[in-house]
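Structural description and commentary
This is what each chain is made of:
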Amino acid sequence: LKIATGKSHAKIILLGEHAVVYNEPAIALPLPDLNMLVTVTKRDFGQIILAENYQGPLSEMTEAFEGIRQLINRLLKFFKMPNLAFSLKIQSTIPLERGMGSSAATAVAIVRAFFALFETPLSNLELQRWANVEESITHGSPSGIDAATAAHDVPVWFMKGNLPEPIAMDLDATLIIADTGVHGQTGLAVSVVREQLQNDPIETQNHLTALGDLSRAARNFLAKNSADKLGPIMTTAQEHLDAIGVSHPYLNNLINAALEAGALGAKLTGGGVGGAMLALADNHADIEAIIAALEKAGAREIWVQKYQVKRG
Ligand code: MEV
């Protein structure tokens, strides 16, 4: 082919962050309204990247894009076309560095685009392995949840060392995600938990086990359209996450504001210690009131994802 595209979208951890590092399960949900489109076009010379934050030759991409550069070089080698002349355009509505898996989504869309260009079939497992080339360079993440779940466009159940398992989701509810504006640092947050576990092993392990139990309970409610039961599980998870030291005053402010404005539940998402929170609301709730409360409580940016079950 002369031109090919690859798509993917954002996703977010609903439950299980941090506990997943200690072998408890986590649940990640797709955010189909925040998406990524990669277009590869063959040309006569050059290897050109056209992204919002970088335009120029592949070979001159700076350190922040090292994962993507290496991924593309490995793909070209795999297809035995290391000198292929192309332009690769990345169009995305996924916010960067907000725990929504933007880098993994970029990797997935790039891999899909090149496999489409070379008209080669691609399994989910292969896609996941390819995405991991980029993710291990960009994040070196301890549980690998981002790379593992990026290849799936459906909700997944993830346990460290295992393949993610697509799970049923039958949910009429809205997720509201708000950014504290405080740059979350996943690596730092993971080390906070590791230290807590050394200093206070029994208590900390209890919180991690409780977080795993909440993921297990949530799986059922997610499949049975029980947002009213899922909400309180999220809020309880937040209490445990706060207890192991990964919340932040700004996160707590936003979480309380969302709950007071009528959310069914709210918690941090991803690494914490800043970063983003998410709230769950009934589709018939006053979503605008929750958004207004979050804005008033200092949210920098807000994203809304509505899930609706199509019933035949
Ligand atoms: C970060 O997205 C999720 C954490 O559980 C870290 C990890 O699983 O690698 C905090």
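Read on for an overview of the structure. By convention here, each chain's residues receive numbers from 1 onward along its written sequence. Totals for whole chains, interfaces and linings use every residue, but because this is a predicted model, local features are given only for residues with pLDDT of at least 70 and side-chain atom pairs only at 80 or more, for both listing and counting. In computing side-chain properties, one takes all heavy atoms of the structure into account and sets aside hydrogens as well as water.

1. A look at the environment of Val 38
Put simply, DSSP H or I for four residues or longer makes a helix, DSSP E for two residues or longer makes a strand, and each gets a number counted from the N terminus. Tracing the backbone through its elements, the reader meets Val 38 in strand 2 (residues 26-42). Measuring from C-alpha to C-alpha, the distance between Val 38 and Leu 50 comes to 9.7 Å, with twelve residues separating the pair along the chain. The contact definition used throughout considers only heavy atoms, calling two residues in contact when any of these lie within 4.5 Å. Beyond its immediate stretch of four places on either side in the chain, Val 38 contacts Ala 4, Thr 5, Gly 6, Leu 88, Lys 89, Ile 90, Ala 109, Ile 110 and Ala 113.

2. Some thoughts on helix 9 (residues 287-296)
Those residues of helix 9 not exposed but buried are Ile 287, Ile 290, Ile 291, Ala 293 and Leu 294. Along the long axis of helix 9, the arc covered by the buried residues comes to 160 degrees, so they all point the same way. Residues of helix 9 that are exposed and point more than 90 degrees away from the buried face comprise Glu 288, Glu 295 and Lys 296. Buried residues along helix 9 sit against strand 8 (173-179), helix 8 (249-260), strand 10 (276-282) and strand 11 (301-307). Gly 298 sits one or two positions beyond helix 9 and adopts a positive phi of about 105 degrees. Partly exposed residues are those whose accessible area sits between 20% and 50% of the maximum for their type, while under 20% is buried and over 50% is exposed, using a 1.4 Å probe and protein chains only. Summarising the geometry, the arc corresponds to the directions from the helix axis toward the C-beta atoms.

3. Quick word on the nonpolar core
In this description, a nonpolar core means a group of buried Ala, Val, Leu, Ile, Met, Phe, Trp, Tyr and Cys residues linked to one another through side-chain atoms lying within 4.5 Å. Counting residues in hydrophobic clusters, the biggest one holds 93 residues, and the most contacted among them are Ile 72, Phe 86, Leu 88, Ile 110, Phe 114 and Met 277. By residue number, the principal contributor to this core is helix 2 (residues 102-117), which donates eleven residues. Residue contacts for Leu 88: discarding those within four places in its chain leaves Val 38, Thr 39, Val 40, Ile 48, Ile 49, Leu 50, Ile 72, Ile 110 and Phe 114. In terms of nonpolar packing, the next biggest core, distinct from the first, is built from seven residues, Ile 13, Val 20, Ala 26 and Ala 148 among them.

Note that every value here comes from positions in space, so none of it alone points to a role or purpose.
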